[in-house]
Amino acid sequence: MFAPRGADNGDCFKGCEFVNFKCMFNKALTLPIVYFLLLNGLADFPVAVQAESVQVAPAVIQFRERIDLLISDDCHNGRGGLKFYSLDKNQVLYEKNSHALFSPASNMKMVTSVAALKKVGPGYRFHTRVHTDGRIAHRVLKGNLYLQGLGDPSLVTEQMWILVNEIKNLPLKKVEGDIIADSSFFEDQGRLKTWRRYDGPEAYLAPLGALSFNFNTVTVHIEPGPRVGDPPLVIVDPEIDFIRIDNTAVTTGKRQRRGRLIVNRRAHENYNEVTVSGNLPIHMARKKYYLNITDPERYTAEVFKKFLRQAGVEVTGSVRRGQVPRDATLLVDHESPPLGEILRGLNKFSNNFVAEQILRTLGAEIFGRPGTTENGVRVLSEYMNTLGYSAGQYRIVDGSGLSRQNRLSPDQIVRMLVDARNDMGIFPEFVSALGVMGLDGSVEDRMNGNKDAQRIRVKTGTLDQVSALSGYFQSQDGERFAFSILLNDLKCSNGKAMALQDKIMEVALQFQRNSSEAGKSKMPAMGGGGKKN
């Protein structure tokens, strides 16, 4: 059991988080029981005390008993922390290990989102700029085009076409020079140091880069060949020189033993190679795979050059790296959608790439260029400080939660959720970016049989042996809550852990206070940062 520190507790704590019960018992002999319980933060636990101010409503007691029963499940025999907090009554409904630190997995993205909304605002837009060191005459540019990335995580195919169309309409028909990629807005490109254990080609492991395209991924379309023995048809989008294909797979017959199709990506010095091997039955439908790329700067510049050609703008030179000269002329300044809109893709679909691009951009905007992960983390730490938490009470090393070194508590996540809810300058954009249970994003297929599931707005988090679910919900009688469920060191599958979370949320949706007892519960509200409830 944990209790808050405070001057009134004297030597009962001596700087330790654990209660010295002998000391507290002796102190209790000299205090009225109600004052003693409130002083030491125990009034929110069911205690048989004949005092109106510490009575807990039967509905609250029943809720706690039901949650306790659920988390006694074998799946929870690892480590877990939970907190449910009433936004309407400013009361803790339930908590267990709420002050303890856990890996939050992708719940970390909510902290990144709120900090970004507060620091740069929902209307912030990322920029991608095109400069030249030459002059345009008679629709011909004699000089180079500099493609400068400023961290935009939303430069996808549609946005690239808008950018290219702006170049075409300068007007421009020909570039007698090179395409020069400038990604110096960030310190470097690639994966984070804390992601070293992750080195695969999966899309969720895409590297970062100030100049990036399509989340630094490619789409691989594969379908069986027309006849048994033929190689499958493989199409990579976008189709550029930077991406090459090595297809050794074979189309097999219906009755042949089903083999395995392996789609991978290999990195070479100046290009990436998509490899397809194994077997694909002739009756199989077309498949789609997403792979990351390893050189965002070159990848984006080659796509830009190809799109220019498709738009009717010839480029005679090659693609290379460099920086925009100080005396260069700005031709086009392309703006991204607003941050509030970008956050929907980040949180609903848990996009690691987007989170880390935002983090580095925050570092650049607040502490100056180049943007680094370390400076981005400084921004998040400053925000945590506004919540009342000092650096030693949590650990943040990235913006996405992919690193296992991150540590947050349910109390800290709930406090962040309460802070966001109390700021109407950011709350509409923040809550609309969360997944709607049973309807969209990463929770589209969860709690589908519950007609009230859409009253839950959440962010999920999943790593090996880690499962998290935090956000907001509205109970049966309309009361609004913030909550956080962090499960670590799972002794079951992630799927079973999610099922446990869904059961907990089903109970939460059913919670209803009796109107006759609405004023009885005097549970303490959340206090200052870092203090235990």
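Structure shown above.
To keep things clear, this report deals only with the structure shown in the data block.

Thresholds, definitions, all that
Residues numbered from 1 in each chain as written. Predicted model: local features only at pLDDT ≥ 70, side-chain atom pairs only at ≥ 80, totals over all residues. Heavy atoms only, no water. Helix = DSSP H or I, 4+ residues; strand = E, 2+ residues; numbered from the N terminus. Buried < 20%, exposed > 50% of the residue type's maximum accessible area, 1.4 Å probe, protein only. Contact = heavy atoms within 4.5 Å. Areas by Shrake-Rupley, 256 points an atom, 1.4 Å probe, with all protein chains shown as cover. Expected span 1.5 Å × (residues − 1). Arc of directions from axis to C-beta. Pairing = 2+ DSSP bridges. Axes fitted to C-alpha atoms, helices over the stretch in contact; angles between N-to-C directions. Phe/Tyr/Trp six-rings, centres within 6.5 Å; stacked < 30°, edge-to-face > 60°. Lys NZ or Arg CZ within 6 Å of the ring centre and 35° of its normal. Core = buried A, V, L, I, M, F, W, Y, C linked by side-chain atoms within 4.5 Å. Salt bridge = Lys/Arg side-chain N within 4 Å of Asp/Glu carboxyl O.

Topic: the overall build of the protein chain
Phase 1 of the analysis: Of the regular secondary structure elements, the protein chain holds twelve helices and 22 strands.
Phase 2 of the analysis: When burial is assessed residue by residue, the protein chain has 55% of its 533 residues classed as buried.
Phase 3 of the analysis: The contacts in the protein chain between residues at least 6 apart in sequence include a share of 70% that link residues at least 24 apart.
Phase 4 of the analysis: Accessible surface, the protein chain as shown: approximately 23500 Å² in total, 47% of it carbon and sulfur.

Quick look at the environment of Pro207
Phase 1 of the analysis: Positionally, Pro207 belongs in the loop between β8 (179-182) and β9 (217-223).
Phase 2 of the analysis: Separated by 15 residues in sequence, Pro207 and Leu192 have C-alpha atoms that sit 7.9 Å apart.
Phase 3 of the analysis: In this structure Pro207 touches Gly190, Arg191, Asn216, Asn292, Ile293, Thr294, Pro296 and Phe353, once residues within four positions along its chain are discounted.

Considerations on helix α5 (residues 157-168)
Phase 1 of the analysis: The end-to-end C-alpha distance of α5 is 16 Å, a good match for the 16 Å that twelve residues give at a rise of 1.5 Å each.
Phase 2 of the analysis: Three or more residues of α5 are buried, namely Gln159, Met160, Leu163, Val164 and Ile167. Down the axis of α5, the smallest arc covering the buried residues is 135 degrees, so these residues share one side.
Phase 3 of the analysis: Of the surrounding elements, those touching the buried residues of α5 are β3 (127-132), β6 (145-149), α6 (296-310) and β18 (329-335).

A look at the sheet that holds strand β17 (residues 319-321)
Within a sheet, neighbouring strands are paired by backbone hydrogen bonds and run either parallel or antiparallel to one another.
Phase 1 of the analysis: Across the sheet, five strands lie side by side as β17-β8-β6-β3-β18; this open sheet has mixed pairing. Of all strands in the sheet, those with a lone pairing partner are β17 and β18, marking the two edges. On average, each strand axis in the sheet is tilted by 25 degrees relative to the strand beside it, whichever way the strands run.
Phase 2 of the analysis: One ladder, built from three bridges, connects β8 with β17; its direction is parallel.

Concerning the packing of aromatic side chains
Phase 1 of the analysis: A complete count under the given rule lists 17 aromatic pairs for this structure.
Phase 2 of the analysis: Ring geometry for Phe84 against Phe473: centres 6.0 Å apart, planes inclined by 70 degrees, an arrangement best described as edge-to-face. In this pair, Phe84 sits in strand β1 (residues 79-86) while Phe473 sits in strand β21 (residues 466-474), placing the two residues 389 residues apart along the sequence.
Phase 3 of the analysis: One aromatic cluster is present, formed by Phe63, Phe84, Tyr94, Phe473, Phe481, Phe483 and Phe511 through successive ring pairs.
Phase 4 of the analysis: Of note, Arg244 hangs over the ring of Tyr271, and the distance from its end group to the ring centre comes to 3.7 Å.
Phase 5 of the analysis: The ring of Phe367 has Arg378 lying over it, and the distance from NZ or CZ to the ring centre is 3.6 Å.

Details of the sheet that holds strand β20 (residues 456-463)
Phase 1 of the analysis: The six strands are arranged β2-β1-β22-β21-β20-β19 in an open sheet whose pairing can be described as antiparallel. One side of each edge strand has no neighbouring strand; the edge strands of this open sheet are β2 (91-96) and β19 (435-436).
Phase 2 of the analysis: In this structure, β1 lies alongside β2, joined through five bridges in antiparallel fashion. Among the inter-strand pairings, Phe84 is bridged to a residue of β2, identified as Tyr94.

Overview of the nonpolar core
Side chains that are nonpolar tend, in soluble globular proteins, to be buried together.
Phase 1 of the analysis: Counting 58 residues, the largest nonpolar core has Ile358, Met416, Phe430 and Tyr472 as its most contacted members.
Phase 2 of the analysis: For this core, the secondary structure elements donating two or more residues are α4 (108-120), α7 (339-348), α8 (352-367), α9 (373-386), α10 (410-421), α11 (427-432), β21 and β22 (480-488).
Phase 3 of the analysis: Examining the composition of this core, we find that seven residues originate from one element, α4, more than from any other.
Phase 4 of the analysis: Discounting chain neighbours no more than four positions away, the residues touching Met416 are Met110, Val111, Val114, Tyr383, Leu387 and Phe430.
Phase 5 of the analysis: Val218, Val263, Val276 and Val315 belong to the second-largest nonpolar core, a separate cluster that totals 42 residues.

Comments concerning the pairing of β8
Along any regular strand the residues' side chains alternate between the sheet's two faces.
Phase 1 of the analysis: Side chains Ile179 and Ala181 of β8 all project onto a buried face; the interleaved residues Ile180 and Asp182 project onto the opposite face, where all are buried too.
Phase 2 of the analysis: Across four bridges, the pairing between β6 and β8 is parallel. Each residue of the ladder has a partner; that of Leu147, found in β8, is Ala181.

So, the pattern of salt bridges
Phase 1 of the analysis: Counted by the stated rule, this structure contains 26 salt bridges.
Phase 2 of the analysis: Its salt-bridge partner being Asp440, residue Lys348 comes within 2.7 Å of it at the nearest N-O pair. Linking Lys348 in helix α7 with Asp440 in the loop between β19 and β20, this pair joins segments that are 92 residues apart in sequence.
Phase 3 of the analysis: Residue Lys348 is classed as buried on the basis of its relative accessible area, which comes to 10%.
Phase 4 of the analysis: Among the residues examined, Asp440 registers a relative accessible area of 18% and is labelled buried.

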